[in-house]
Every structure is written in structure tokens, then in C-alpha cells.
Amino acid sequence: MSTNSSGHKKRQLNGTVELLVPLEKIEKFMFDKGIIRQTKAKKFHPIHRKGWLYLPDHEILERYNAEIRGILNYYRLAINFNKLNYFQYLMEYSCLATLAGKYNSSIRKIIDKHKNGKGWSIKYKTEKGMTREKKIVKLKDCKGFCDDNIVRHIYSVNTNATIRARLQAGVCELCGSRGKSNYEVHHVSSVKELEGNKLWEQIMKVKNRKTLVVCDECHKTIHS
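Procedures and definitions
Residues numbered from 1 in each chain as written. Predicted model: local features only at pLDDT ≥ 70, side-chain atom pairs only at ≥ 80, totals over all residues. Heavy atoms only, no water. Disulfide = S-S within 2.5 Å. Patch = residues over 30% accessible without salt bridge, like charges linked within 9 Å, V, L, I, M, F, W, Y side chains within 5 Å. Areas by Shrake-Rupley, 256 points an atom, 1.4 Å probe, with all protein chains shown as cover. Salt bridge = Lys/Arg side-chain N within 4 Å of Asp/Glu carboxyl O. Helix = DSSP H or I, 4+ residues; strand = E, 2+ residues; numbered from the N terminus. Axes fitted to C-alpha atoms, helices over the stretch in contact; angles between N-to-C directions. Parallel < 35°, antiparallel > 145°, perpendicular 65-115°, else oblique. Left-handed = near helix turned anticlockwise from the far one by under 90°. Contact = heavy atoms within 4.5 Å. Nonpolar A, V, L, I, M, F, W, Y, C, P; charged D, E, K, R; others polar. Buried < 20%, exposed > 50% of the residue type's maximum accessible area, 1.4 Å probe, protein only. Polar contact = N/O pair within 3.5 Å; in protein donor to acceptor, adjacent residues only side chain to side chain. Core = buried A, V, L, I, M, F, W, Y, C linked by side-chain atoms within 4.5 Å.

Details of the state of the cysteines
The tally for this structure, following the rule as stated, stands at zero disulfides. The thiol sulfur of cysteine 215 is not disulfide-bonded, and the nearest other cysteine sulfur, from cysteine 218, lies at 3.6 Å.

What follows is the structure, given as C-alpha cells:
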């Protein structure tokens, strides 16, 4: 074990065998997960993830962070670890694109909305009402080892829960809002017949479920 010029530890044997990040596998991971697409100029363009648009903002960010941490921790001893800067950039802007897609906004507006110093972050409240803040994981955060600092108070819908339990949970499965005075159940006869052009259709198709618990405002939007 030795250290390179950037201060990173590296594995090698007699200076001839080194651990390298397999960049083609990283690219395949991002294509398979729907994080990027390739442009005509053969460049990678970050895109939003349709199946995550219904999630609360902080959970969208934490899901991206979990994937970033996983890759960075796995290859942290690679001699070309810094090559993953581009991976982190594409993941970050895919996250921003997902947030922008959720609000029918732009990446620039999302950054401005959540601006925090030179970067951006998302504030959220835990189940106990405490306000916390989450930032996107950067390469510098994982040069030694990236702590598994996962949000512990994440809202997630139990896909196996009964309609009654989902109604009692008091969370809109479309916009993620809590504490509204009334929640209703939107029902379709067949998931297969949904075209998937609208967000609520995409959510039902991803969950493969014919019902969606929504707040009054979202139910009106669905039927408008």
C-alpha cells in the first residue's frame, strides 16, 4: 500500500499492478439506472429519473447520495479515483434534473431556490419536527471513507399497505405533502392501459398499483 501524488492511498504490487476505476462499468451503471443519455455529439447528458418524481425532495437527494457513496467508497483506493469527479457531476445534475422535473422548473431555478454558500442543499423536517439540512456528496467527502450518513427519518410509502393504512398515514403519494385536511383515493381499472405521459400515471406504473392516495389539490389536478 502506498500513496500517490494527490495523497490517495493506492494498492500496487512492485509498482506494476494498480487498482483502476473501470470507467466503462460506471457509465453502464448510469445508463442502466436512467441517470444519463448520450447526445449526438457522443457526450453524456444527465436526465431526471421519472420513478422518483413523486418522492419528497430530501429523499430524492439521499437516494442519489447513497448511490454516489457506494461507488466512491468501493473505488476509493483506485489510483485514478479523481476520474470519478465526472461521475459525481453527472449524478448531481441528474438529481437537480429530477427535482426540476418534479416542479416543472429548471435546474438553474432549483439551484437558486436551494442555494447554500457556493453550493446547494435541501432542508427538511424529521418526524420529531427538527429541521435538518442535506447536501450532495462530493468527491472530497469520500477521499478517506464516506460515512454512511443516511437520513433516518425518510418518508416512504409501504407498497403493501392497505388503502385504509395509506389514508391514515396522511401523506399524498403524488406531491408528498403531509397534514392536509383530506386525502382521497384515485383508482384506475388497469395499470397497463395508462400511457405514462403524466406524473400520476408514471407513479402508478412504477408501483404497479391501481390506486393512489392523494390530497384534494392533486386529485383535482388528475381530473383536470
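Things to note about a nonpolar patch on the surface
On the surface, a cluster of nonpolar side chains totalling about 190 Å² of accessible area is made up of Ile163, Leu167 and Val185. Assignment of secondary structure puts isoleucine 163 in helix H5 (residues 163-169).

Structural notes on the packing of helix H2 (residues 57-74) against helix H3 (residues 85-102)
It is the contact of H2 with H3, at a shortest axis distance of 10 Å, that shows an interaxial angle of 165°. In terms of axis orientation, H2 runs roughly antiparallel to H3. Considering how the two elements wind past one another, H2 and H3 form a crossing that is right-handed. Counted together, Asp57, Ile60, Leu61, Tyr64, Glu67, Ile68, Ile71 and Leu72 of H2 and Phe87, Met91, Ser94, Cys95, Thr98, Leu99 and Lys102 of H3 form the full contact between these two elements. Of the residues belonging to the contact of H2 with H3, the class tally is ten nonpolar, two polar and three charged.

Structural notes on unusual backbone geometry
Phi angles above zero are rare outside glycine, and lysine 42 is one such case at about 65°. Mapping lysine 42 onto the fold places it in the loop between strand S5 (36-38) and strand S6 (44-46). Taking relative accessible area as the criterion, lysine 42 reaches 64% and is therefore assigned exposed.

Looking at the environment of arginine 69
By secondary structure assignment, the location of arginine 69 is in helix H2. Look at arginine 69 and you get buried, because its relative accessible area is 5%. Taking the C-alpha atoms as reference points, arginine 69 and valine 137, 68 residues apart in sequence, are found 7.2 Å from one another. In this structure the side chain of arginine 69 is engaged in a polar contact, spanning 2.8 Å, whose partner is the side chain of glutamate 62.

Things to note about the nonpolar core
As a rule of thumb, soluble globular proteins bury nonpolar side chains together. Core analysis: the largest hydrophobic core is formed by 49 residues, its most contacted members being Ile26, Leu72, Leu84, Phe87, Trp120, Leu174 and Trp200. For this core, the secondary structure elements donating two or more residues are helix H1 (23-32), H2, H3, helix H4 (107-113), strand S8 (119-125), helix H6 (199-207), strand S11 (211-215) and helix H7 (216-223). Counting residues per element, this core draws most heavily on H3, at seven residues. Setting aside chain neighbours within four positions, we find leucine 84 in contact with Val21, Ile26, Ile71, Leu72, Tyr75 and Leu139.

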